[in-house]
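# Report on the structure
If you want the building blocks of each chain, they are given just below.
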Amino acid sequence: MTTENGDSTAATGFGSVGLPRKISGGLVILVGIVFIGVTLVNNLFAVGPAFEEMITDFRPLLSEESLATASADVAVLEAAGEEFQTAVAPGMAEALGMSPEEFGGMVQQQYPAVAQGMQALPEITETFNGLIQTLDSQRALFESADAIPSDDLPATTVPWILTISGLLAIIVGVLLFLPGRTWAIVAAVLGAVLVISTFALNLPQKAADADQLNENLTPIYTQELIDGASGSLAVVGAMGEEMQTKMLPDLAAQLGMSADELNQFLGANFPATAAAMQSMPESLPRFEAFVGIFAVNLDNYETIQPVAFTPIIWVMVIGGLLILLAGGYCIIAKQ
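The rules we used
- Per chain, residues are indexed from 1 in the order of the written sequence.
- Where totals are concerned, whole chains, interfaces and linings use all residues; where local detail is concerned, this predicted model gives features only for residues with pLDDT of at least 70, and gives and counts side-chain atom pairs only at 80 or more.
- As a rule here, side-chain values come from all non-hydrogen atoms in the structure, and water together with hydrogens is ignored.
- Helix numbers and strand numbers start at the N terminus; a helix is a DSSP run of H or I with at least 4 residues, a strand a run of E with at least 2.
- The classification of residues rests on relative accessible area computed with a 1.4 Å probe and restricted to protein chains. Under 20% of the type maximum is buried, over 50% is exposed, and intermediate values are partly exposed.
- We get accessible surface area from the Shrake-Rupley algorithm with a probe of 1.4 Å; when it comes to residues, only the shown protein chains can shield them.
- His is not counted, nor are the chain ends; Lys and Arg add positive charge and Asp and Glu add negative charge.
- To locate a charge, take NZ of a lysine, CZ of an arginine, CG of an aspartate or CD of a glutamate.
- Residues form patches when they are more than 30% accessible in relative terms and have no salt bridge. Like charges link within 9 Å. Nonpolar side chains (Val, Leu, Ile, Met, Phe, Trp, Tyr) link within 5 Å.
- The salt bridge definition used is simple: a Lys or Arg side-chain nitrogen within 4 Å of an Asp or Glu carboxyl oxygen.
- Whether a set of points on the 1 Å grid over the protein atoms alone is a cavity depends on a 1.4 Å probe fitting there but being unable to get out, while an open set qualifies as a pocket with protein on both sides within 12 Å along at least five of seven lines; lining residues are those with an atom within 4 Å of a point.
- Grid points are joined across faces, edges and corners, and a volume is the space filled by probe spheres set on the points.
- Put simply, Ala, Val, Leu, Ile, Met, Phe, Trp, Tyr, Cys and Pro go in the nonpolar bin, Asp, Glu, Lys and Arg in the charged bin, and everything else, Gly too, in the polar bin.
- When the centres of two rings from Phe, Tyr and Trp lie within 6.5 Å, Trp using its six-membered ring, the rings pair. Their planes under 30 degrees apart give stacked, over 60 give edge-to-face, and anything left gives tilted.
- The convention used is that axes are lines fitted to C-alpha atoms, helices contributing only their stretch in contact, and that angles between N-to-C directions extend from 0 to 180 degrees.
- Each angle gets one of four labels, with under 35 degrees taken as roughly parallel, over 145 as roughly antiparallel, 65 to 115 as roughly perpendicular, and the rest as oblique.
- Left-handed describes a crossing whose near helix is turned anticlockwise from the far helix through less than a right angle; right-handed describes the clockwise counterpart.
- Every residue pair with non-hydrogen atoms within 4.5 Å of one another is taken to be in contact.
- The criterion is simple. A nonpolar core is a set of buried Ala, Val, Leu, Ile, Met, Phe, Trp, Tyr and Cys residues joined through side-chain atoms within 4.5 Å.

### Remarks on the overall build of the chain
For the chain, the count of helices and strands is 14 helices and zero strands. In the chain, the succession of helices and strands from N to C terminus is α-α-α-α-α-α-α-α-α-α-α-α-α-α. When burial is assessed residue by residue, the chain has 43% of its 335 residues classed as buried. Roughly 16300 Å² of accessible area belongs to the chain as shown, and the carbon and sulfur atoms make up 62% of that amount. Within the chain, the 35 negative side-chain charges are centred at a point lying 29 Å from the centre of the 9 positive side-chain charges.

### As for a nonpolar patch on the surface
Residues Leu40, Phe45, Trp160, Ile164, Leu168 and Ile171 make up a contiguous nonpolar surface patch of roughly 600 Å² in combined accessible area. Counting residues per element, the nonpolar patch draws most heavily on helix H7 (residues 157-175), at four residues. Position of Ile164 relative to the elements: it lies in helix H7.

### Considerations on empty space enclosed by the protein
Taken as a whole and assessed by the stated rule, the structure comprises four cavities of 30 Å³ or more. Along its surface, the largest cavity is lined by 18 residues, and Met54, Ile55, Leu213, Leu217 and Tyr301 are the ones closest to its centre. Taken together, the elements giving at least two residues each to the lining of the largest cavity come down to helix H2 (44-61), helix H6 (139-146), helix H9 (203-217) and helix H13 (298-304). Considered class by class, the residues forming the lining of the largest cavity number 16 nonpolar, two polar and no charged.

### Focus on the pattern of salt bridges
Counted under the stated rule, the structure contains three salt bridges. In this structure, Asp73 engages Arg286 in a salt bridge whose closest nitrogen and oxygen atoms are separated by 2.9 Å. Taken together, the residues span a long stretch of sequence, with Asp73 in helix H3 (residues 64-95) and Arg286 in helix H12 (residues 271-296) at a distance of 213 residues. Note on Asp73: relative accessible area 8%, which makes it buried. For Arg286, a relative accessible area of 36% gives the class partly exposed.

### A look at the packing of aromatic side chains
Per the counting criterion, the structure on display carries 10 aromatic pairs. Relative to Tyr221, the ring of Phe58 has its centre 6.1 Å away and its plane inclined at 65 degrees; by these criteria the two rings are edge-to-face. One end of the pair, Phe58, is in helix H2; the other, Tyr221, is in the loop between H9 and helix H10 (223-255), and 163 residues separate them in sequence. Taken as a pair, Phe58 and Tyr221 share a single burial class, namely buried. Judged by relative accessible area, which is 3%, Tyr221 ranks as buried. An aromatic cluster is present here, built from Phe58, Tyr221, Phe290, Phe294 and Tyr301 joined pairwise through their rings.

### Quick word on the layout of surface pockets
Approximately 400 Å³ is the volume found for the largest pocket. Taken together, 27 residues line the largest pocket, and the ones lying closest to its centre are Pro149, Val158, Ile161, Leu203 and Met316. Those elements that place two or more of their residues in the lining of the largest pocket are H2, H7, helix H8 (182-200), H9 and helix H14 (309-332).

### Examining the packing of H3 against helix H5 (residues 112-137)
Running from N to C, H3 and H5 cross one another at 150 degrees; their axes reach a closest spacing of 9 Å. Here H5 runs roughly antiparallel to H3, going by the angle between their axes. For the element pair H3 and H5, the recorded crossing hand is left-handed. Contacts from Leu67, Ala70, Ser71, Val74, Leu77, Glu78, Gly81, Phe84 and Gln85 in H3 reach Val114, Met118, Leu121, Thr125, Phe128, Asn129, Ile132, Leu135 and Asp136 in H5.

### A short note on the nonpolar core
With 89 residues, the main nonpolar core has Phe58, Phe103, Tyr221, Met247 and Phe294 as its most contacted residues. Among the elements that make up this core, the one with the highest residue count is H10 (11 residues). Sequence-distant contacts of Met247, defined by excluding residues within four places in its chain, comprise Phe84, Phe103, Val107, Tyr111, Val114 and Glu242.

Given below as structure tokens:
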């Protein structure tokens, strides 16, 4: 026996409801199972922490100020490399009474790290410029992905949101087998909350941006990139070290200058080289930190890379709609 509003007034069993109500309950249970299945199949309990750790580490690197500093550091090295070839080598050769070829041979023989670094510098600066420009072009996508699921909630909450939503859906689906409107209303509310919150947080767009960012990084974010960048930094570091500790003191002695006089000579005649030598103690650690962030997060990226976030979000939307419709049907049809 039931009252006019459809609530049960007597103890009734699961079999006391009609087939449409049972189908609705089964549908809600199925949605819950799908939510949990999507979480497990996509390994979201590993992906969430990997995503959060990676995005946290890259956040300062991808700031406008950080990228501008990195670009300026590369520009200083690039200018020094060009100046060495076009001005330093012929100028120092003339000061030492050598031909440019003789000076080049001396550098090659006595200062191999300098010779190697100057030869590799155009390719190194081109590579780092390309990487910085690529990262700068991805800043908008990164900022959007950084807000998954919201500015206040970390990405580690996503698998828990899906799992808890799935468990709630299963519980509500089971309870829909009981007569009365109460659990139908609860189902409708649960479905509405899932749909409304998904769009309120703009998750479809954020997920699409995260997937696009993933796709754009795939060609460059590799072990090969990290190894190449680390090797390039080692070459530049060795060049700077040998130039400071060996080549410049030797040149000063050959020219009959003190260290200060040589620095003044370089600053007056070869300003780009002087600027690079002055800035290298600070710029190299910045480059090393830059590459280090890529290196320590490669495992995180490889965990994230196979996962597409957009389908997961639409599973939440469609699942929420199905729960809402199932609950709404039971309310309207008084099933």
